[in-house]
Amino acid sequence: MGFVVKNTTKCGVLDLLCPHTCRGCGRLGEILCGCCKNNIDLGEMRICPLCKEIVASSSKICVNCEMPFGAVFVGGWKEGVLGDLVKEYKYKAVRAIGEVLVEILDKRIGKLEGEVVVVPLPTIGRHVRERGFDHTWVLGKKLAKQRGWRCERILERAADTVQVGAQAVERQKQAEKAYMVGRKVDPVRQYLLLDDVWTTGASLLSAAKVMKSAGAKVVLAAVVVTGR
């Protein structure tokens, strides 16, 4: 008679046999220890991913930049330990890192009132096959579960263009044709668009435009890291 081993059981066994080490200090036992988390914590600061300026803690969006979002939440800068964690999670499929990234992002988001639906930006199909998982969707599911929110595949890929290495103007042109809405949008809900990296912002800005054209009244954005 066969039996099914739960993923949580498998992860527990692997953690015992091959325990994680802190990516910041090398301490055995955690992917990122509490001390190293504090070192990358922004405290009350908010980052505007568009102009890269620090926004007042009382503001959810940069007043100097015109963006179609009710609020923008950034986990931190794309450098040092946090930048390395995103790369390792995304390209080496170390899924346990996703828990750490969500913890950091969840802290940045803080308290939100009303019903929120997490909408991860869809990953190109070829990349999902190469990496073995849809990294943004996994982050979205984890964040939604932690918050008691819903995570839905509302956006779909209209074109599988690869933005890595492209210049800003080219990224913008690609992003304008990249997404379409595949499900009904409820104007009463708040939609939190989620992506891992903000480079030029073309993807998130284009996705927000598509969501609003489909009827969304409140569109928020969350990104794990942004470059300086």
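Placed above this text is the structure.
What counts and how
- Residues numbered from 1 in each chain as written.
- Predicted model: local features only at pLDDT ≥ 70, side-chain atom pairs only at ≥ 80, totals over all residues.
- Heavy atoms only, no water.
- Core = buried A, V, L, I, M, F, W, Y, C linked by side-chain atoms within 4.5 Å.
- Buried < 20%, exposed > 50% of the residue type's maximum accessible area, 1.4 Å probe, protein only.
- Helix = DSSP H or I, 4+ residues; strand = E, 2+ residues; numbered from the N terminus.
- Phe/Tyr/Trp six-rings, centres within 6.5 Å; stacked < 30°, edge-to-face > 60°.
- Lys NZ or Arg CZ within 6 Å of the ring centre and 35° of its normal.
- Expected span 1.5 Å × (residues − 1).
- Pairing = 2+ DSSP bridges.

Draft legend 1. A look at the nonpolar core. One finds L32, L101, I109, W149 and L192 to be the most contacted residues of the largest nonpolar core, which totals 38 residues. Broken down by secondary-structure element, the contributors of at least two residues to this core are helix 2 (34-40), helix 3 (80-91), helix 4 (97-109), strand 4 (116-120), helix 6 (135-147), strand 8 (190-198) and strand 9 (218-226). Listed in part, the 32 residues of the second largest apolar core include C48, V117, I154 and A221.

Draft legend 2. Molecular detail of the packing of aromatic side chains. Inspection of every chain in the model, using the stated rule, returns one aromatic pair. Seen from their ring centres, Y89 and F133 are 5.4 Å apart, and the 85° between their planes marks the pair as edge-to-face. You can see Y89 sitting in helix 3 and its partner F133 sitting in the loop between helix 5 (125-131) and helix 6, a full 44 residues away along the chain. The class of Y89 is buried, set by a relative accessible area of 1%. Assessed through its relative accessible area of 4%, F133 is described here as buried. The lysine or arginine in question, R153, covers the ring of W137, its NZ or CZ lying 3.8 Å from the ring centre.

Draft legend 3. Highlighting helix 8 (residues 202-213). For helix 8, built from 12 residues, the straight-helix expectation of 16 Å at 1.5 Å per residue is met to within 8% by its first-to-last C-alpha distance of 17 Å. Of all the positions in helix 8, only A202, S203, L204, S206, A207, A208, V210 and M211 are classed as buried. Immediately beyond the C-terminal end of helix 8, within one or two residues, lies G215, with a positive phi of roughly 120°.

Draft legend 4. Main features of the pairing of strand 4. Among the five residues in strand 4, five count as buried, and that is most of the element. Of the two faces of strand 4, the one lined by V116, V118 and P120 and the one lined by V117 and V119 are each fully buried. The pairing of strand 4 with strand 8 spans five bridges and is classified as parallel. Within strand 8, the residue paired with V119 across the bridge is L193. When strand 4 meets strand 5 (residues 150-151), the two strands line up parallel, connected through two bridges. Counted as the bridge partner of V118 is C151 from strand 5.

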